[in-house]
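Spelled out, the chains give:
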Number of protein chains: 2
Amino acid sequence: MSAHDTSHQHPHDPAALLRDHGVQVTAQRLAVMRAVSAQPHVSADGVVEMARAEIGAISRQAVYDSLGVLVDKGLIRRIQPVGSPARFEDRVGDNHHHLVCRGCGSVVDIDCAVGAMPCLTAADDLGYEIDEAEVVYWGRCPECRALTTTTTTESTLERSH
Amino acid sequence: MSAHDTSHQHPHDPAALLRDHGVQVTAQRLAVMRAVSAQPHVSADGVVEMARAEIGAISRQAVYDSLGVLVDKGLIRRIQPVGSPARFEDRVGDNHHHLVCRGCGSVVDIDCAVGAMPCLTAADDLGYEIDEAEVVYWGRCPECRALTTTTTTESTLERSH
DNA sequence: TCCAGATCTTGACTCAGTCCAGAATCTGAC
DNA sequence: GTCAGATTCTGGACTGAGTCAAGATCTGGA
């Protein structure tokens, strides 16, 4: 699944990956895995659409169930930036972060400088046992920046008439 | 609202605060502000309950509308850890972070070492204009740690019989 | 080939929000 | 103090994104 993970005998064989993790191999689960690999940060609804396009009928419940099992086994990762439905990606194990566009909602990966969790130290852990520092960068992508700058410029021009 | 903000003539008068921000003063909005001040990281539903206990009838829509206006004006802050409904707090302006318990869902504030946004620099900004690095620490609170350690120990003892 | 247990299908349901028409309230001008 | 207009509130309907559950179907070990 992950390009970094070469410990499995058949790292590129999804069925073998499932068996190695004690998960039954079904057509639905394989279709879900292919959908997540094809489109990083895909939503559950997106997985449904892609799986249906590929294998015909598949229930939403099977997609949700498959995603759940794959996440539980660490084969895929579930993220959920604020204001977004859950999203799934097959890049696992490197604790990378995400950068989300406030305009169009696009999500891109950002390497973690540390790599291991938790990659940041809280000023005061208040007795908590911290196991993860989730970082999400927010901003605007190049396309949305260009759009905003252009419309802002036009708007400013209009006002200055 | 915020203990750090002393620029307003009546920093402790919610009605004055609203007027200073060009927001109409209504009984519903004042009740919402008091609820958020009384219980940091309160959910919208929690605000509804507290406001109803205090001023009697108030619609859910009015609570949602009031929260929205207060967030827009920067008078309160909206956060939403994964798996949680939106939560609101009146501590604004210092870019503090949050620490969430995976067990009970409790949320506590963590000071930001930097203070200003964005407080972290992405390894590669990919042409994005980044304006915030949202950090959420995840772990288990002292109570949940004690509970898990105890049950784990008991469970281990049972197995070793 | 059989069959127990796992998984899928289908539709109902829940939660946490949003939408909207009409009623009520707030505010500032007079 | 009054009142018109703008804003906000009420109450209920609706939505998106998930979860629940009974019965049907499929997987994989024997």
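Scroll up to find the structure this text is about.
Nothing here was measured: the structure is a model prediction, and the numbers come from that model.

About the criteria used
Residues numbered from 1 in each chain as written. Chains lettered and ligands numbered in written order. Predicted model: local features only at pLDDT ≥ 70, side-chain atom pairs only at ≥ 80, totals over all residues. Heavy atoms only, no water. Helix = DSSP H or I, 4+ residues; strand = E, 2+ residues; numbered from the N terminus. Buried < 20%, exposed > 50% of the residue type's maximum accessible area, 1.4 Å probe, protein only. Contact = heavy atoms within 4.5 Å. Areas by Shrake-Rupley, 256 points an atom, 1.4 Å probe, with all protein chains shown as cover. Near = heavy atom within 4 Å. Polar contact = N/O pair within 3.5 Å; in protein donor to acceptor, adjacent residues only side chain to side chain. Nonpolar A, V, L, I, M, F, W, Y, C, P; charged D, E, K, R; others polar. Least-squares fit on C-alpha atoms with pLDDT ≥ 70 in both. Axes fitted to C-alpha atoms, helices over the stretch in contact; angles between N-to-C directions. Parallel < 35°, antiparallel > 145°, perpendicular 65-115°, else oblique. Expected span 1.5 Å × (residues − 1). Core = buried A, V, L, I, M, F, W, Y, C linked by side-chain atoms within 4.5 Å. Left-handed = near helix turned anticlockwise from the far one by under 90°. Pairing = 2+ DSSP bridges.

Engineer: An account of the overall build of chain A is requested, with residue identities and associated values reported.
Structural biologist: In terms of helices and strands, chain A carries 5 helices and 6 strands. Along its sequence from the N terminus, chain A presents helices and strands in the succession α-α-β-α-α-β-β-β-β-β-α. The buried share among the 161 residues of chain A stands at 40%. Across chain A, contacts joining residues at least 24 apart in sequence account for 42% of those joining residues at least 6 apart. For chain A, the exposed area adds up to about 8,700 Å²; of that, 51% sits on carbon and sulfur atoms.

Engineer: Give a detailed account of the protein's contact with DNA strand C, specifying residues and quantitative values.
Structural biologist: Around DNA strand C sit 17 residues in total, of which Gln24, Thr26, Arg29 and Ser59 of chain A together with Gln61 of chain B are the nearest. Sugar and phosphate atoms form 72% of the subset of DNA strand C atoms that lie within 4 Å of the protein. The contact in question runs from a phosphate oxygen of DNA strand C to an N or O atom on the side chain of Thr26 of chain A, over 3.0 Å. The side chain of Gln28 of chain A places a nitrogen or oxygen atom 3.1 Å from a sugar or linking oxygen of DNA strand C. Listed by contribution, the elements that provide at least two residues to the surface near DNA strand C are helix H2 (27–38) and helix H4 (60–72) of chain A together with helix H4 (60–72) of chain B. The element contributing the most residues to the surface near DNA strand C is H4 of chain B, with 3 residues. Its residues assigned to classes, the surface near DNA strand C comprises 7 nonpolar, 7 polar and 3 charged.

Engineer: How would you explain the relation of the copies chain B and chain A if you had to name every residue and give the values?
Structural biologist: Once turned by 180° and shifted 0.0 Å along the axis, chain B lies on chain A with an RMSD of 0.0 Å. What the superposition gives is, in effect, a two-fold axis relating one chain to the other. No C-alpha of chain B approaches the rotation axis more nearly than that of Val135 of chain B, which lies at 2.3 Å. Both copies present the same face, since 100% of the interface residues in chain B are matched by interface residues at the equivalent positions in chain A.

Engineer: Got a sec to walk through the packing of H2 of chain A against H4 of chain A? Specific residues and values, please.
Structural biologist: All names here are of chain A. Orientation of H2 relative to H4, taken along the N-to-C sense of each, is 70°, at an axis distance of 9 Å. Considered as vectors, H2 and H4 are oriented roughly perpendicular to each other. Residues Gln28, Arg29, Val32, Met33 and Val36 of H2 form the contact with H4, whose own contacting residues are Ala62, Val63, Ser66, Leu67, Val69 and Leu70. Tallied by class, residues from the contact of H2 with H4 come to 8 nonpolar, 2 polar and 1 charged.

Engineer: Please provide a residue-by-residue account of helix H2 (residues 27–38) of chain B, values included.
Structural biologist: All names here are of chain B. In this model H2 runs 16 Å from its N-terminal to its C-terminal C-alpha over 12 residues, within 8% of the 16 Å that 1.5 Å per residue would give. All of the buried residues along H2 are Arg29, Leu30, Ala31, Val32, Met33, Ala35 and Val36. Lining the buried residues of H2 we find helix H1 (14–20), strand E1 (42–43), helix H3 (44–55), H4 and strand E3 (87–89).

Engineer: Residues and numbers for the nonpolar core, please.
Structural biologist: Ranked by internal contacts, the top residues of the largest apolar core, which has 24 residues, are Tyr137 of chain A together with Tyr137 of chain B. Elements supplying a minimum of two residues to this core: strand E4 (97–101) and strand E6 (129–140) of chain A together with strand E4 (97–101) and strand E6 (129–140) of chain B. Sequence-distant contacts of Tyr137 of chain B, defined by excluding residues within four places in its chain, comprise Leu120, Thr121, Ala122, Ile130, Glu132 and Ala133 of chain A together with His97, His98, Leu99, Val100 and Ile110 of chain B.

Engineer: How would you explain H3 of chain B if you had to name every residue and give the values?
Structural biologist: Residues and elements named next belong to chain B. Here H3 contains 12 residues, and its C-alpha end-to-end distance of 16 Å stays within 8% of the 16 Å for a straight helix at 1.5 Å per residue. The inward-facing, buried residues of H3 abut H2, E1, H4 and E3. With its phi angle positive at about 80°, Gly56 sits one or two positions after the end of H3.

Engineer: If you had to explain the protein's contact with DNA strand D to someone new, which residues and values would you point to?
Structural biologist: Around DNA strand D sit 18 residues in total, of which Gln61 of chain A together with Gln24, Thr26, Arg29 and Ser59 of chain B are the nearest. When the atoms of DNA strand D within 4 Å of the protein are sorted by group, sugar and phosphate make up 69%. Between DNA strand D and the protein, one listed contact pairs a sugar or linking oxygen with a side-chain N or O atom of Gln28 of chain B at 3.1 Å. Secondary structure elements with two or more residues in the surface near DNA strand D: H4 of chain A together with H2 and H4 of chain B.

Engineer: Lay out the packing of helix H3 (residues 44–55) of chain A against H4 of chain A with the relevant residues and their values.
Structural biologist: Residues and elements named next belong to chain A. Look at H3 against H4: their axes get within 10 Å of each other, and the N-to-C directions meet at 115°. Crossing of H3 over H4 shows right-handed handedness. Within the contact between the two elements, H3 uses Ala44, Val47, Val48 and Arg52 and H4 uses Arg60, Val63, Tyr64 and Leu67. Along the lines of polarity and charge, the residues of the contact of H3 with H4 split into 6 nonpolar, no polar and 2 charged.

Engineer: Account for the sheet that holds strand E2 (residues 77–79) of chain A, naming residues and giving values.
Structural biologist: Reading across the sheet, the 3 strands line up as E1-E3-E2 (chain A) and stay open at both edges, with antiparallel pairing between neighbours. The outermost strands of the open sheet, each flanked by one partner alone, are strand E1 (42–43) and E2 of chain A.

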